[in-house]
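Each chain is listed here by its residues.
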Amino acid sequence: MTKIIAGLGALLVITGCGGPGVDRSDSLIVIDAGHGGHDSGAVCEGSKEKDVVLQITKKLYKEFKSEGYRVHLTRNSDKFLKLWQRTRIADHKDAKVFISIHANAIGNKNRFNEVEGVETYFLQKTRDERSQRIAARENASVLQGTDKLSKDVIIDAVLNGPKIIQSHKLAIDVQHNIMKNLNGKYKGVKDGGVRPAPFYILVGASRPSILVEVGYITNPKERQRLSTSNYQEEIAEGIVEGVNRYLDNRKKEVGF
Ligand SMILES: [Zn+2]
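The following paragraphs examine the structure supplied in this document. If you're wondering where the values come from, they're calculated on a predicted model, not measured in any experiment. (Residues numbered from 1 in each chain as written. Predicted model: local features only at pLDDT ≥ 70, side-chain atom pairs only at ≥ 80, totals over all residues. Heavy atoms only, no water.)

A word on the coordination of the zinc ion
Six octahedral donors around a metal ideally subtend angles of 90 or 180 degrees, whereas four tetrahedral donors ideally subtend 109.5 degrees. Those protein atoms acting as donors to the zinc ion are His-35 (NE2), Glu-49 (OE), His-102 (ND1), Glu-138 (OE) and Glu-138 (OE), and they sit at 2.0 to 2.4 Å. Of note, the zinc ion draws all its donor residues from one chain, in the sequence arrangement H-x13-E-x52-H-x35-E. Of this pair, His-102 sits in strand β5 (residues 95-104) while Glu-138 sits in helix α4 (residues 129-142); the two residues are 36 residues apart in sequence, bridging distant segments of the chain. Just as His-102 is buried, Glu-138 falls in that class too. (Donors = N, O, S within 2.8 Å, 3.2 Å for Na, K, Ca; no water. Helix = DSSP H or I, 4+ residues; strand = E, 2+ residues; numbered from the N terminus. Buried < 20%, exposed > 50% of the residue type's maximum accessible area, 1.4 Å probe, protein only.)

Now the structure itself:
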């Protein structure tokens, strides 16, 4: 009996490493490219948030597929989606995580050069003004065409949002791995950290859900980097490695 348990233990350790041979086919990953269609998101010097995040999302699709996951994209072309259209698939019973991809921006031109960095958000009410400001900018566009959704219902869902602890853990793993990847290849990428914020897009998804702001489109250095396939690839790989890590740890937590 002891031998069998020891054997199973060894097997679990190997499975938990996240290397080749791990069967990910029971896990559905939902990826949401922010904005789209008439909603360009942040725009600066010809760069549009909706285009950058779709390019990264397509790379994510390939990366997750190559790891054996099933993947669903809320959009794979330049079109606008209503809030419920973005989150509905994340309620599917097999969906393990919901990841919304965005690029950041600030309004003050005098600070374009200094404000930069990668930030990952999970849903939670916060008093932090900066997080509230970023959430307000993203929320403005996501609410277009959602007449039926009353603000009170949304706020209530934010306050009682499920999966906050798991979403926080997922955010930490994803942020850490994006930074590890980028820092390995690029100099001076700022780690904006993991932050709570009341993003409406995360409200409707009943799975652990995060929103990644991959960089500031208003910062000249990041805008240039974000337009390149290599930089986008490093971000995508970091996100996938972060999700692998989160799910492997989760499996150990729940004991299977
Ligand atoms: Zn956005």
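What about the packing of aromatic side chains?
In this structure the tally under the stated criterion is three aromatic pairs. Considering the side-chain rings of Phe-64 and Tyr-69, the 5.3 Å spacing of their centres and the 85 degrees angle between planes classify their relative orientation as edge-to-face. Residue classification places Phe-64 among the buried residues on the basis of a relative accessible area of 0%. Ring centres 5.0 Å apart and planes at 80 degrees place the aromatic pair Tyr-121 and Phe-199 in the edge-to-face group. With a gap of 78 residues between them, Tyr-121 in strand β6 (residues 118-123) and Phe-199 in the loop between β7 (191-197) and β8 (209-216) connect regions that are remote in the sequence. The same class applies to Tyr-121 and to Phe-199, which are both buried. (Phe/Tyr/Trp six-rings, centres within 6.5 Å; stacked < 30°, edge-to-face > 60°.)

Considering helix α6 (residues 164-185)
Here α6 contains 22 residues, and its C-alpha end-to-end distance of 32 Å stays within 8% of the 32 Å for a straight helix at 1.5 Å per residue. Within the sequence span of α6, burial applies to Gln-166, Ser-167, Leu-170, Ala-171, Asp-173, Val-174, Gln-175, Asn-177, Ile-178, Met-179, Asn-181 and Leu-182. (Expected span 1.5 Å × (residues − 1).)

These values are about where atoms sit, not about what they do.
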